Amino acid sequence: MPFWSTLNRVEKIIETVPAYNGFYPVELEWQVFKDRWLVGLEKDGLLVGINWSGSNVTGYDIKPSDVRENIECQLTKNT
């Protein structure tokens with residue numbers, strides 16, 4: 001399941017990759033992403049696609065638990 005860290009990144013994919021035409025970005029608050037999306041993706045055995053890019057829309061696929069850990073670590077460093 002792909003997610004992007006910025007609006008600009010996802011808008012570029014939507015504008016340039018035909019498979020994503022008609023899609024629109026939805027911003028998620030961290031709490032919702034963490035408590036609902038990451039939990040659900042982990043339960044379903046899916047990976048999180050982080051900032052996929054390029055004409056083939058490829059990038060890193062990471063376990064939801066690793067995404068949660070990395071983001072919480074960054075949030076802790078920034079407080």
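Here the structure is shown first, and the text comes after it.
Note that the structure is predicted; figures quoted are calculated from it, not measured.

Brief notes about a nonpolar patch on the surface
On the surface, a cluster of nonpolar side chains totalling about 580 Å² of accessible area is made up of Met1, Tyr24, Val26, Leu28, Val32 and Trp37. Relative to the elements of secondary structure, Val32 occurs in helix H2 (residues 30–43). Its relative accessible area of 32% is what places Val32 among the partly exposed residues.

Points about the pattern of salt bridges
For the structure on display, the rule yields two salt bridges. Glu72 is the salt-bridge partner of Lys34, the closest N and O atoms lying 3.4 Å from each other. Pair noted here: Lys34 is in helix H2 and Glu72 is in helix H3 (residues 64–77), with a separation of 38 residues, a long-range link.

A closer look at the pairing of strand S3 (residues 58–62)
The sheet contact formed by strand S2 (residues 48–53) and S3 spans four bridges and is antiparallel. Its bridge partner lying in S3, Gly49 is registered against Asp61.

Examining the packing of aromatic side chains
The tally for this structure, following the rule as stated, stands at five aromatic pairs. Ring centres 5.5 Å apart and planes at 80° place the aromatic pair Phe3 and Trp37 in the edge-to-face group. Separated by 34 residues along the polypeptide, Phe3 in strand S1 (residues 2–3) and Trp37 in helix H2 bring together distant segments of the chain. With relative accessibility at 14%, the residue Phe3 sits in the buried group. Members of the aromatic cluster, each reached through a chain of ring pairs, are Phe3, Trp30, Phe33 and Trp37.

Here we look at H3
Taking 1.5 Å per residue, 14 residues should reach 20 Å; H3 reaches 20 Å between its end C-alpha atoms and fits that length. All of the buried residues along H3 are Pro64, Val67 and Arg68. Buried residues of H3, seen end-on, are gathered within an arc of 95° and therefore sit on one face of the element. Of the exposed residues in H3, those oriented more than 90 degrees away from the buried face are Glu69, Thr76 and Lys77. As for H3, its buried residues are in contact with H2, S2 and S3.

Here is what the cut-offs are and how they apply
- Residues numbered from 1 in each chain as written.
- Predicted model: local features only at pLDDT ≥ 70, side-chain atom pairs only at ≥ 80, totals over all residues.
- Heavy atoms only, no water.
- Patch = residues over 30% accessible without salt bridge, like charges linked within 9 Å, V, L, I, M, F, W, Y side chains within 5 Å.
- Areas by Shrake-Rupley, 256 points an atom, 1.4 Å probe, with all protein chains shown as cover.
- Salt bridge = Lys/Arg side-chain N within 4 Å of Asp/Glu carboxyl O.
- Helix = DSSP H or I, 4+ residues; strand = E, 2+ residues; numbered from the N terminus.
- Buried < 20%, exposed > 50% of the residue type's maximum accessible area, 1.4 Å probe, protein only.
- Pairing = 2+ DSSP bridges.
- Phe/Tyr/Trp six-rings, centres within 6.5 Å; stacked < 30°, edge-to-face > 60°.
- Expected span 1.5 Å × (residues − 1).
- Arc of directions from axis to C-beta.
- Contact = heavy atoms within 4.5 Å.

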